[in-house]
Protein chains: 2
Amino acid sequence: MKLSTKGRYAVMAMVDLARHAQAKPVSLSDIAARQEISLSYLEQLFARLRRAGLVKSVRGPGGGYRLARGSHETRVSEIILAVDEPIKATRCTEMGVAGCRTDRSKCLTHDLWEELGNHIHAFLNSVTLRDVLERRLATHLAEAAALANARPPMVAAN
Amino acid sequence: MKLSTKGRYAVMAMVDLARHAQAKPVSLSDIAARQEISLSYLEQLFARLRRAGLVKSVRGPGGGYRLARGSHETRVSEIILAVDEPIKATRCTEMGVAGCRTDRSKCLTHDLWEELGNHIHAFLNSVTLRDVLERRLATHLAEAAALANARPPMVAAN
DNA sequence: GAAAAACCGACTATGTCGCTCGGATTTAGT
DNA sequence: ACTAAATCCGAGCGACATAGTCGGTTTTTC
């Protein structure tokens, strides 16, 4: 799961789209103006979102985009996976699982990254567009706080 | 909290260092050979780790690096924060907190990213080098699984 | 004095990001 | 039928981070 501003822009745009969903589709120029993102860049992002089946387009004047599913059925993880390049191959995946398993001393951190990836994906998969719109993040906040306190000394984390 | 291969390399090297800690310090050429990372690149990473106070150096032949603290007192989050550039400024931080707070429609996703950042940091801060060495990630695994199942339909996540 | 190591700084190749530009296609309104 | 609004599409570009390389210097042990 890659995390870049690209994914962030896509989520911002999708939240905007969900927020302004009416009978008429929402045009990218409206989103561009509201979110201060370049129109051409948005076009590129929405091309990917459309190919991923997250939005549907309506061409011609008065056209624009609509969510393919309801805002409570569209998960943030899907948006990010749709726009970001597939995750840069780690040394592990280059060597294949076999290479990682056979020589464990070279890849002691494998489990750690896998765990972190699962963690991030689980978090983003648990949040829908509707959650973001309605700011329903309290439960996640509580969970994160609990985790942070699991081991005491929160050493100088800058 | 930025996540790149740079941080991964640093953690790999630090785990290797912790694993091979003896009376004598560990030389970077040994780590470079074992982990298949370029020596010069390792030097750059360890310069930062030293400045961050995570390792101590011994110069001259037979020299090398030692952990500044014990492996159970060195957290993965510290390593990553030491080597990665400060996180790329988001639009939010550019505008300052005020800009984000005053016009909320532009920044509906602010809480989401903040939450995610907390989440990642909390996870990496809960793991020490010793945990990685001894593969003590079971508890984290359980937590991640619980989160993933919090909301039912794990939609096509590629 | 030789050699092993940490230190240091400059340079480079590659790739991604965020974006621009110039179009083409489709379609609603007149 | 014409115009304009919108999606679609591909090429290219400047800036930046990554993952190095290279060539040295300093320190210290033998």
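Placed above this text is the structure.
Because the structure is predicted, anything quoted here is derived from the model rather than measured.

Draft legend 1. Region of the structure containing the protein's contact with DNA strand D. Taken together, 27 residues form the shell around DNA strand D, and within it L28(A), S57(A), Y65(A), T5(B) and P61(B) come nearest. Backbone sugar and phosphate groups make up 64% of those atoms of DNA strand D lying within 4 Å of the protein. With respect to DNA strand D, the side chain of Y41(B) contributes an N or O atom lying 3.2 Å from a phosphate oxygen. A distance of 3.1 Å is found between a base oxygen of DNA strand D and a side-chain nitrogen or oxygen belonging to Q44(B). Elements with a contribution of two residues or more to the surface near DNA strand D: α3 (39–51), β1 (55–58) and β2 (64–67) of chain A together with α1 (5–19) and α3 (39–51) of chain B.

Draft legend 2. Summary view of the protein's contact with DNA strand C. DNA strand C sits among 26 residues. The nearest are T5(A), P61(A), L28(B), S57(B) and Y65(B). By atom count, sugar and phosphate contribute 62% of the portion of DNA strand C lying within 4 Å of the protein. A distance of 2.8 Å separates a phosphate oxygen of DNA strand C from a polar atom in the backbone of L28(B). One of the side-chain N or O atoms of R50(B) is found 3.2 Å from a phosphate oxygen in DNA strand C. Among the elements of the structure, α1 (5–19) and α3 of chain A together with α3, β1 (55–58) and β2 (64–67) of chain B are those that each provide at least two residues to the surface near DNA strand C. In the surface near DNA strand C, the residues fall into 7 nonpolar, 12 polar and 7 charged.

Draft legend 3. Quick look at the packing of α1(A) against α3(A). Residue and element names in this part refer to chain A. Taken N-terminus to C-terminus, the directions of α1 and α3 make an angle of 80 degrees; their axes are 10 Å apart at the nearest point. Classified by the angle their axes make, α1 and α3 are roughly perpendicular. Side by side, α1 and α3 meet where K6, Y9, A10, A13, M14 and L17 of the first sit next to Y41, L42, L45, F46, R48 and L49 of the second. In the contact of α1 with α3, the residues fall into 10 nonpolar, no polar and 2 charged.

Draft legend 4. Region of interest: the packing of aromatic side chains. For the coordinates displayed, the defined rule picks out 4 aromatic pairs over all chains. Summarising the aromatic geometry, the rings of F46(A) and Y65(A) are spaced 4.8 Å apart at their centres and angled 45 degrees between planes, so their arrangement reads as tilted. Here Y65(A) lies in strand β2 and F46(A) lies in helix α3, a separation of 19 residues in the sequence. Note on accessibility: F46(A) and Y65(A) belong to one class, buried. On the numbers, 6.0 Å between centres and 80 degrees between planes, the contact of Y9(B) with Y41(B) is edge-to-face. Taken as a pair, Y9(B) in helix α1 and Y41(B) in helix α3 lie far apart in primary sequence, 32 residues in all. The class for Y41(B) is partly exposed, based on a relative accessible area of 29%. The residue whose ring lies beneath R8(A) is W113(B), and the NZ or CZ to ring-centre distance is 5.8 Å.

Draft legend 5. Up close: the side chain of S126(A). Relative to the helices and strands, S126(A) is located in the loop between α6 (110–125) and α7 (129–133). Within the structure, S126(A) has its side chain in polar contact with the backbone oxygen of F123(A) (distance 2.7 Å).

Draft legend 6. Structural view of the pattern of salt bridges. Evaluation of the coordinates by the stated rule reveals 10 salt bridges over all chains. The closest approach of N and O atoms between E78(B) and R69(B), which form a salt bridge, is 2.9 Å. When its relative accessible area of 9% is taken as the criterion, E78(B) is described as buried. Overall, the relative accessible area of 28% leaves R69(B) in the partly exposed class. By sharing partners, the salt bridges in this structure join R130(A), D131(A), E134(A) and R136(A) into a single network.

Draft legend 7. Quick peek at the nonpolar core. Ranked by internal contacts, the top residues of the largest apolar core, which has 76 residues, are M14(A), F46(A), M14(B) and F46(B). With residues near it in sequence (within four places) discarded, M14(A) still touches F46(A), L49(A), L54(A), V55(A), L67(A), T74(A), I79(A) and L129(A).

Draft legend 8. Representation of α3(B) within the structure. All names here are of chain B. For α3, spanning 13 residues, the distance from its first C-alpha to its last is 18 Å, which sits close to the expected 18 Å at 1.5 Å a residue. Every buried residue belonging to α3 is among L42, L45, F46, A47 and L49, and all of these are buried. If you follow the buried residues of α3, they end up packed against α1, α2 (28–35), β1, β2 and α4 (76–83). At the C-terminal side of α3, G53 shows a positive phi close to 80 degrees.

Calculation rules
- Residues numbered from 1 in each chain as written.
- Chains lettered and ligands numbered in written order.
- Predicted model: local features only at pLDDT ≥ 70, side-chain atom pairs only at ≥ 80, totals over all residues.
- Heavy atoms only, no water.
- Near = heavy atom within 4 Å.
- Polar contact = N/O pair within 3.5 Å; in protein donor to acceptor, adjacent residues only side chain to side chain.
- Helix = DSSP H or I, 4+ residues; strand = E, 2+ residues; numbered from the N terminus.
- Nonpolar A, V, L, I, M, F, W, Y, C, P; charged D, E, K, R; others polar.
- Axes fitted to C-alpha atoms, helices over the stretch in contact; angles between N-to-C directions.
- Parallel < 35°, antiparallel > 145°, perpendicular 65-115°, else oblique.
- Contact = heavy atoms within 4.5 Å.
- Phe/Tyr/Trp six-rings, centres within 6.5 Å; stacked < 30°, edge-to-face > 60°.
- Buried < 20%, exposed > 50% of the residue type's maximum accessible area, 1.4 Å probe, protein only.
- Lys NZ or Arg CZ within 6 Å of the ring centre and 35° of its normal.
- Salt bridge = Lys/Arg side-chain N within 4 Å of Asp/Glu carboxyl O.
- Core = buried A, V, L, I, M, F, W, Y, C linked by side-chain atoms within 4.5 Å.
- Expected span 1.5 Å × (residues − 1).

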